Amino acid sequence: MKINVGNEAKEMRAVWFEDGVVKLIDQRKLPVKFEIFEAKSTEDVAYAIKEMVVRGAPAIGITAAYGMAQATLQKRNVEEAFQMLKNTRPTAHDLFFALKLMKEKIENGEDAISAAENYANDIIGRCEKIGEYGEKLILEGYRILTHCNAGALAVGDWGTATAPIRKAHRNGKKIFVWVDETRPRLQGARLTAWEMVQEGIEHAVIADNAAGYFMRKGEVDMVIVGADRITKNGDVANKIGTYEKAVVAHENGIPFYVAAPISTFDFSLENGDEIPIEERREEEVLYCRECRIAPQESRARNPAFDVTPAKYITGIITEKGVFKPEEVHRLMGVD
Ligand code: MRU
C-alpha cells in the first residue's frame, strides 16, 4: 500500500520480515503516530497478535507465518512456537490456517523463510483478485458502507473489503465510503479512515449506531465487510456490530457483501454457532482510549465478534469469484 509518512510517499506492507525480525505497523497507535513494532522473539510475535499491534484475520495469519519462520531461524522448538502463537486470538481462522501450513512445511524440511514469504505473497495476491471481482459490483457514484477495518492494514496490502473499493477508485469510478467508527477499538475511525485518506477516497466516519439512519434515507448503495471465519453453510463471523448492519441492510433492500480469501474459510464447522467468539477486556468498553467514560462502579461485556447468518448475505467475494453463501463450500476448493 502507498502511504505518506511526513513528506515522503512510501510503498509498504503492514507486516514484513527483515533481518530475522517480524516488523509491523503498530496499529494501536494509528492515526496519531506512525510507528514500527519489532518482534524479535516468538513471545514478541504472540504479544503483537494478542494485544492487537497487528489485527485483521489475514494479517494475523501472515504475522504467525513469519513468527514460525523466525522460531525456526532461532532454532526454537517448532511445536512450542506453534502452541504459543495458536493461543493468542481464537476467532480468526487465518491464524490456524497459516500455522498449520507452516508447521507442515517446516516438518517437511522446506525453507521456513521462503515458505512464510510465499504465504504472505499468496494471501495478498488473493486479496488483489478479490478486488478485481468485487470491483465489478461497484457502480459509478456508489456509496459503500464498511465496518471495522478490512483494509490493507488487516491483510498486508489491498485489504479484503477495501480491495474492490481501491480498485474501483483506481479505475476512475466516483465512489464514497461510509466508515463505521467500530467501537470499542475504533478500527473504522482510526484505521479505515486513515487508509481512505492515504488512497484519496472520499469518505465520512459515522457513529456505529448511525448506519441504519443512512440506509433508511437511501444514502447507502451497498455494504462490503470482511470476515474472520466463514463456515460450511456460509455463516460469517466478523467484527461485533456486523450482524446488526446485515439485518438493517436486508430490511432496506441493500446488497450486503462479505469479502474473504481461502484462509478465512473453515469448512470443518457446519455453521456459525460453532465459531469460538473472543471476549476481550471490559476496559476496552469502559474507556475510550485513555479516558474512562462509564462510572467506576459499572461493569461491561466485550464480545469482539458476532455471527451474521448466511440468509442476510447477498454474496461472498472471493479470489475465485463472487458466490452465494450457500454455494461457497462447493465452489471454493482449497488449493
Ligand atoms: O479484532 P480485529 O480488529 O482483528 O477484527 C478485524 C475484523 O473483524 C475484520 O473485519 C476481519 O478480520 C477481516 S480483515 C480483512
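Residues numbered from 1 in each chain as written. Predicted model: local features only at pLDDT ≥ 70, side-chain atom pairs only at ≥ 80, totals over all residues. Heavy atoms only, no water.

**Student:** For this particular structure, what's the right way to read the site of the ligand?
**Tutor:** In the region of the ligand, 19 residues are neighbours, and R55, R89, D228, N238 and K239 sit closest. Interatomic distance of 2.8 Å between a side-chain N/O atom of R55 and an oxygen atom of the ligand. At a separation of 2.8 Å, an oxygen atom of the ligand approaches a polar side-chain atom of Q187. In isolation the ligand exposes 410 Å². Once the protein is present, 100% of that is buried. Because more than half of its atoms lie within 2 Å of the grid, the ligand is assigned to the largest cavity. Of all elements in the fold, only α2 (57–73) and β11 (236–239) reach the threshold of two or more residues within the shell around the ligand. Classifying every residue of the shell around the ligand gives 9 nonpolar, 6 polar and 4 charged. Two domains each put at least three residues into the shell around the ligand: domain 1 (2–125) and domain 2 (129–331). (Near = heavy atom within 4 Å. Polar contact = N/O pair within 3.5 Å; in protein donor to acceptor, adjacent residues only side chain to side chain. Areas by Shrake-Rupley, 256 points an atom, 1.4 Å probe, with all protein chains shown as cover. 1 Å grid on protein atoms, 1.4 Å probe; cavity = no way out; pocket = protein on both sides within 12 Å on 5 of 7 lines; lining within 4 Å. Sits in = over half its atoms within 2 Å of the grid points. Helix = DSSP H or I, 4+ residues; strand = E, 2+ residues; numbered from the N terminus. Nonpolar A, V, L, I, M, F, W, Y, C, P; charged D, E, K, R; others polar. Domains from an automatic or database assignment.)

**Student:** I tried to follow the pattern of salt bridges on my own but got confused; where do I start?
**Tutor:** Side-chain pairs of opposite charge can arise whenever the charged atoms involved come near each other. On inspection of all chains with the given rule, the structure shows 33 salt bridges. Salt-bridge contacts for D26 lead to R28; the nearest nitrogen and oxygen are separated by 2.8 Å. Two residues, R185 and E284, come together in a salt bridge whose shortest N-O distance is 2.6 Å. One end of the pair, R185, is in the loop between β7 (176–180) and α7 (187–199); the other, E284, is in helix α10 (residues 283–286), with 99 residues separating them in the sequence. By relative accessible area, which is 10% here, E284 ends up buried. Salt bridges sharing partners connect three or more residues here, namely R89, R185, E278, R280 and E284. (Salt bridge = Lys/Arg side-chain N within 4 Å of Asp/Glu carboxyl O. Buried < 20%, exposed > 50% of the residue type's maximum accessible area, 1.4 Å probe, protein only.)

**Student:** So what exactly am I meant to see when it comes to the domain arrangement of the chain here?
**Tutor:** For interface size, the figure often reported is the accessible area lost on association. According to the domain assignment, the chain consists of domain 1 (2–125) and domain 2 (129–331). The C-alpha-based centres of domain 1 and domain 2 are spaced at 22 Å. At the interface, 35 residues of domain 1 touch 35 residues of domain 2. Taken together, the two surfaces of domain 1 and domain 2 that pack against each other cover about 2900 Å², and 50% of this comes from carbon and sulfur. It is R55, T91 and H93 that lose the most area in domain 1 upon contact with domain 2, and together they represent 22% of the buried surface on that side. (Contact = heavy atoms within 4.5 Å. Buried area = accessible area lost by both parts, 1.4 Å probe.)

**Student:** Would you take a moment to explain the packing of aromatic side chains for this structure?
**Tutor:** Ring pairs (aromatic) are described by centroid distance and by the angle formed between their planes. Applying the stated criterion across every chain, the model contains 9 aromatic pairs. Both rings, one in F265 and one in F267, keep their centres 5.6 Å apart while their planes meet at 45 degrees; by these two values the pair is tilted. Taken together, the aromatic side chains of F176, W178, Y213 and F214 make up a single cluster linked through ring pairs. Taking NZ or CZ as reference, K103 lies 5.0 Å from the ring centre of F82, over its face. (Phe/Tyr/Trp six-rings, centres within 6.5 Å; stacked < 30°, edge-to-face > 60°. Lys NZ or Arg CZ within 6 Å of the ring centre and 35° of its normal.)

**Student:** I'm lost on the sheet that holds β11 in this one. Help?
**Tutor:** Whenever strands of a sheet pair, they do so through backbone hydrogen bonds, lying parallel or antiparallel. The strand order β13-β10-β11-β16 describes an open sheet built from 4 strands, whose pairing is mixed. The sheet terminates laterally at β13 (265–266) and β16 (305–308), the two strands that pair on one side only. Pairing between strand β10 (residues 229–231) and β11: 2 bridges, direction antiparallel. Bridge pairing links I230 to V236 in β11. In the packing of helix α9 (residues 242–251) onto the sheet, contacts are made with β11 and β16, and the angle to β16 comes to roughly 30 degrees. (Pairing = 2+ DSSP bridges. Axes fitted to C-alpha atoms, helices over the stretch in contact; angles between N-to-C directions.)

**Student:** Would you mind going over empty space enclosed by the protein with me for this structure?
**Tutor:** Where empty space is left in the structure can be found by rolling a water-sized probe over the atoms. All told, the structure shown has 2 cavities of 30 Å³ or more when counted by the stated rule. Considered as a void within the structure, the largest cavity measures approximately 170 Å³ in volume. The wall of the largest cavity is formed by 21 residues, among which R55, G56, A57, N149 and D228 lie closest to the centre. Listed by contribution, the elements that provide at least two residues to the lining of the largest cavity are α2 and β11. Within the lining of the largest cavity, the residues separate by chemical class into 10 nonpolar, 7 polar and 4 charged. No fewer than three residues from each of domain 1 (2–125) and domain 2 (129–331) sit in the lining of the largest cavity. (Points joined across faces, edges and corners; volume = space filled by probe spheres on them.)

**Student:** Just to check I follow, could you spell out the layout of surface pockets for this structure?
**Tutor:** Quantified by volume, the largest pocket comes out at close to 360 Å³. Those elements that place two or more of their residues in the lining of the largest pocket are α10 and β14 (287–288). Residue classes in the lining of the largest pocket are distributed as 4 nonpolar, no polar and 10 charged.

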